[in-house]
Amino acid sequence: MTPSPTGLPPRPSPDAYEVAFHRALPHGVVSGVVLPATAEPVSDAVLERLHPDEAAHARTLAGFRQTSFVGGRLALRAARRQVGAPLGPVLPDPRGTPTLEGDWVVSVSHKTTLAVGMAARAADGTLGVDLEDRLPERLRIADRVLRPAELAALADLPPHRAWQALLLRFSLKESIYKALDPYVRRYVGFHEAEVDVGTDGRAGVFLHLAQGEGPFAVDARYTWLPGRVLTSVRIRPDVAGNAG
């Protein structure tokens, strides 16, 4: 049951594949959809809520790949309804990136029992979104994720705060990779971006792209959800050449 801040009886928690929330964030509208705790085949009743082309693609998948795809597309449909975007199919391109024709950009992420989809106008650039669980703490991944300056920024923090700072950078770099992909069309490693996390939901990003692409202007944001962090990034070519 979901606690109620008003003192009224708590609201029932949403069932699997139902919308858990909508949020209007600086980079677009994000919707969350509950994923089932098990990876059983998705029912026809749920698949019928997708575009027929999405449902056909979902039927080619199995296990968590199917449940996460369906939950992610339902989240995207919910977000697109909020912003008035067209509800045509959002299918993965050859690199797995969800694509939507027209003047809109979308991005999707999922973690255990929640999928999120974000939709926004394309005028402000490409979009990447990432969702991460706050637990368990995994400080051992720091060397794989962080550049030397980032490691130095965490060196004097107590373990819990160091993990929070590391998790934010990990998630933001996942969002950066998704937003960069339409421009670079390759895997972008964690060490190709340096992130300076602020305390106001913003983060500075300095790109160190191995193949010299760009320059790009990057706007990075984060918000905390219960037990999770949600990050999003908008990227566009930097015609003034001022980006990192």
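As the structure is a prediction and not an experimental result, all values here were calculated from the model.

**Some remarks on the overall build of the protein chain**
Counting secondary structure elements, the protein chain contains 6 helices and 11 strands. Against the compact-globule benchmark of 18 Å for 244 residues, the protein chain has a radius of gyration of 18 Å, which places it among compact chains. Considered along the principal axes of its C-alpha atoms, the protein chain spans approximately 50 × 45 × 35 Å. Residues classed as buried in the protein chain amount to 47% of the 244 residues present. Partitioning the intrachain contacts of the protein chain with sequence separation of at least 6 by distance along the chain shows that 55% fall at a separation of at least 24.

**Quick look at helix 3 (residues 63-83)**
The terminal C-alpha atoms of helix 3, which comprises 21 residues, lie 31 Å apart, in line with the 30 Å expected from a rise of 1.5 Å per residue. Among the 21 residues of helix 3, 15 are classified as buried, and the element is accordingly described as predominantly covered. The positive-phi residue at the C-terminal boundary of helix 3 is G84, with phi of around 75°.

**Description of the packing of aromatic side chains**
Tallying each qualifying case throughout the model produces 4 aromatic pairs. It is R134 that lies over the ring of W224; its NZ or CZ is 4.3 Å from the centre.

**Observations regarding helix 6 (residues 159-184)**
Given 3.6 residues per turn, any residue in an α-helix points the same way as the ones three and four places further on. Given a rise of 1.5 Å per residue, 26 residues ought to cover 38 Å, and the 35 Å separating the end C-alpha atoms of helix 6 matches this to within 8%. Among the residues trailing helix 6, R185 stands out with phi positive, at a value near 55°.

**Concerning the sheet that holds strand 1 (residues 19-25)**
One open sheet accounts for 4 strands, arranged 1-2-6-5; its pairing is antiparallel. One side of each edge strand has no neighbouring strand; the edge strands of this open sheet are strand 1 and strand 5 (104-111). Within this sheet the neighbouring strands show an average axis-to-axis angle of 15°, counted without direction. Of the pairings in the sheet, the one linking strand 5 to strand 6 (residues 114-121) comprises 8 bridges and is antiparallel in character. Across the sheet, S107 pairs through a bridge with M118, a residue of strand 6.

**Brief notes about the side chain of R80**
As for its placement among the helices and strands, R80 is situated in helix 3. This buried residue, R80, is left without a salt bridge; E54 holds the nearest opposite charge, at 4.4 Å.

**Here's the deal with the nonpolar core**
Core analysis: the biggest nonpolar cluster contains 16 residues, and I176, L180, L207, F216, V233 and I235 have the highest contact counts within it. Elements that contribute at least two residues to this core include exactly helix 6, strand 8 (193-197), strand 9 (202-207), strand 10 (216-225) and strand 11 (228-237). When residues in this core are grouped by element, the largest group, 5 residues, is from helix 6.

**With respect to the side chain of S31**
Positionally, S31 belongs in strand 2 (residues 28-34). Relative accessible area serves as the criterion here: at 0%, S31 is assigned to the buried category. Separated by 2.7 Å, the side chains of S31 and H22 make a polar contact. A polar contact of 3.2 Å, which involves the side chain of S31, links it to the backbone nitrogen of A79. If sequence neighbours within four positions are ignored, S31 has contacts with F21, H22, A75, A78, A79, Q82, A115, V116 and G117.

Calculation rules
Residues numbered from 1 in each chain as written. Predicted model: local features only at pLDDT ≥ 70, side-chain atom pairs only at ≥ 80, totals over all residues. Heavy atoms only, no water. Helix = DSSP H or I, 4+ residues; strand = E, 2+ residues; numbered from the N terminus. Rg over C-alpha atoms; globule rule 2.2 N^0.38 Å. Buried < 20%, exposed > 50% of the residue type's maximum accessible area, 1.4 Å probe, protein only. Contact = heavy atoms within 4.5 Å. Expected span 1.5 Å × (residues − 1). Phe/Tyr/Trp six-rings, centres within 6.5 Å; stacked < 30°, edge-to-face > 60°. Lys NZ or Arg CZ within 6 Å of the ring centre and 35° of its normal. Pairing = 2+ DSSP bridges. Axes fitted to C-alpha atoms, helices over the stretch in contact; angles between N-to-C directions. Lys, Arg positive; Asp, Glu negative; His and termini not counted. Salt bridge = Lys/Arg side-chain N within 4 Å of Asp/Glu carboxyl O. Core = buried A, V, L, I, M, F, W, Y, C linked by side-chain atoms within 4.5 Å. Polar contact = N/O pair within 3.5 Å; in protein donor to acceptor, adjacent residues only side chain to side chain.

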